[in-house]
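Coordinates in review
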Amino acid sequence: MENFRILFGHRPYWWVQETMLYPNQSSPCLEQFPITCETGPGSPSGHAMGSSCVWYVMVTAALSYTVRWKDESAITLHRLTWSFLWSVFWIIQISVCVSRVFIATHFPHQVILGVIGGMLVAEAFEHTPAIQTASLKTYIKTNLFLFIFALGFYLLLKLIDVDLLWSVPKAKKWCANPDWINIDTTPFAGLVRNLGALFGLGLGINSEMFIMSCKGTNGYKMSFRLLCIAASLVTLQLFDFIKLPTHTEYLFYVLSFCKSAAIPLTVVALIPYCIHLLMRPTEKKLN
């Protein structure tokens, strides 16, 4: 039963308080931090999944250029690049996993599942070209379907006394500091973020800015892509500084959806378009 509880998604910081494995109140004391008290189920780790997915895409994309090199010296360089990039990838993933376990937010198997899941998601998206060709109408329909399905599934389970929000009371009960409980870690907040990101991706891919920049001649240039990557990384850090008000729950969810939609729209369409405009005068001068 205890193993099932762990596999079901319990987090270490509340599991040690409720498990019967430690008799006579001899359970270990796990130190908590301001980022420990996440309220959603812990399996798999979302941080590990997100990290492995993003870095897997970047590493495989970079190696896709070097694999085309044919001469002997280039092949040696490709092998060195392959070893270096994958070493960096695994160092980052191990660091993320260790940090999540250290702050008592996840068990080891949860972060391992997160890393594997992130790589599988990246591979699935790589082999699903329809994502880049789907119309905005298709994205909107998919968003509505996912929202209605999630809401309907939640209500259906609630009718048979299965609470999908079972982890929230546990987090509130066992978190060392009530101020560390954040609304943005609830399951519904995760759903809103994902729906917003999907909607923003649809807007970006179907925008004229994306078509003019990424589908044009600049889209195949290495300099254009490197500038887009650098600008996107900086912009993502700036987005991270935006803190949404949490005093009103409905306002938070609306703003969270808007922020999540703005991120892919900016990265996919706005940044490439701005760089495209900056590179165009240079091309005219060369001509």
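Quick notes on the rules
Residues numbered from 1 in each chain as written. Predicted model: local features only at pLDDT ≥ 70, side-chain atom pairs only at ≥ 80, totals over all residues. Heavy atoms only, no water. Helix = DSSP H or I, 4+ residues; strand = E, 2+ residues; numbered from the N terminus. Buried < 20%, exposed > 50% of the residue type's maximum accessible area, 1.4 Å probe, protein only. Contact = heavy atoms within 4.5 Å. Lys, Arg positive; Asp, Glu negative; His and termini not counted. Charge placed at Lys NZ, Arg CZ, Asp CG, Glu CD. Salt bridge = Lys/Arg side-chain N within 4 Å of Asp/Glu carboxyl O. Disulfide = S-S within 2.5 Å. Expected span 1.5 Å × (residues − 1). Axes fitted to C-alpha atoms, helices over the stretch in contact; angles between N-to-C directions. Parallel < 35°, antiparallel > 145°, perpendicular 65-115°, else oblique. Left-handed = near helix turned anticlockwise from the far one by under 90°. Nonpolar A, V, L, I, M, F, W, Y, C, P; charged D, E, K, R; others polar. 1 Å grid on protein atoms, 1.4 Å probe; cavity = no way out; pocket = protein on both sides within 12 Å on 5 of 7 lines; lining within 4 Å. Points joined across faces, edges and corners; volume = space filled by probe spheres on them.

1. A closer look at the overall build of the protein
Scanning the protein for helices and strands turns up 12 helices and 0 strands. Overall, the protein shows an N-to-C arrangement of helices and strands of α-α-α-α-α-α-α-α-α-α-α-α. In terms of principal-axis extent, the alpha carbons of the protein reach across some 80 × 45 × 30 Å. Burial status across the protein gives 33% buried among its 287 residues. A sequence separation of at least 24 residues applies to 76% of the contacts in the protein between residues at least 6 apart. In the protein, which carries 21 positive and 16 negative side-chain charges, the distance between the mean positions of the two groups comes to 9 Å.

2. Quick notes on the pattern of salt bridges
One pass over the structure, following the stated rule, counts 3 salt bridges. The partner of Arg11 in a salt bridge is Glu38, with the nearest N and O atoms 3.3 Å apart. Of the two residues, Arg11 is situated in the loop between α1 (2-8) and α2 (12-18) and Glu38 in the loop between α2 and α3 (46-66); the sequence distance between them amounts to 27 residues. One network of salt bridges, with partners in common, ties together Arg11, Glu38 and Arg100.

3. With respect to the state of the cysteines
Here, the word disulfide means a covalent bond between the sulfur atoms of two cysteines. Summed over the entire model, instances satisfying the criterion amount to 1 disulfide. One disulfide in the model links Cys37 with Cys175; its S-S distance is 2.0 Å. Its torsion about the S-S bond being 90°, the disulfide of Cys37 and Cys175 is classed as right-handed. Residue Cys37 is found in the loop between α2 and α3, and its partner Cys175 is found in the loop between α8 (167-174) and α9 (187-205); the two are separated by 138 residues along the sequence. Judged on exposure class, the residue Cys37 and its partner Cys175 are both buried. The cysteine Cys214 is free of any disulfide, with Cys228 supplying the nearest cysteine sulfur at 5.9 Å.

4. Things to note about helix α5 (residues 108-126)
Taking 1.5 Å of rise per residue, 19 residues should cover 27 Å, and α5 covers 28 Å from first to last C-alpha, within 8% of that figure. Where α5 is concerned, the buried positions are Gln110, Val111, Gly114, Val115, Gly117, Gly118, Met119 and Ala122.

5. Looking at the packing of α3 against α5
For the pair α3 and α5, interaxial distance at closest approach is 7 Å and the crossing angle is 40°. When the axis of α3 is compared with that of α5, the two are oblique. When you trace α3 past α5, the crossing you get is right-handed. Between α3 and α5, the residues in contact are Ala48, Met49, Ser52, Cys53, Tyr56 and Val57 and Val111, Gly114, Val115, Gly117, Gly118, Met119, Val121, Ala122 and Glu123, respectively. Residue composition of the contact of α3 with α5, grouped by class: 10 nonpolar, 4 polar and 1 charged.

6. Looking at the layout of surface pockets
Regions of empty space are outlined by a rolling probe, equal in size to a water molecule, passed over the atoms. By volume, the second largest pocket amounts to about 270 Å³. Broken down by secondary-structure element, the contributors of at least two residues to the lining of the second largest pocket are α8, α9 and α12 (249-286). Grouping the amino acids of the lining of the second largest pocket by side-chain chemistry returns 8 nonpolar, 3 polar and 2 charged.

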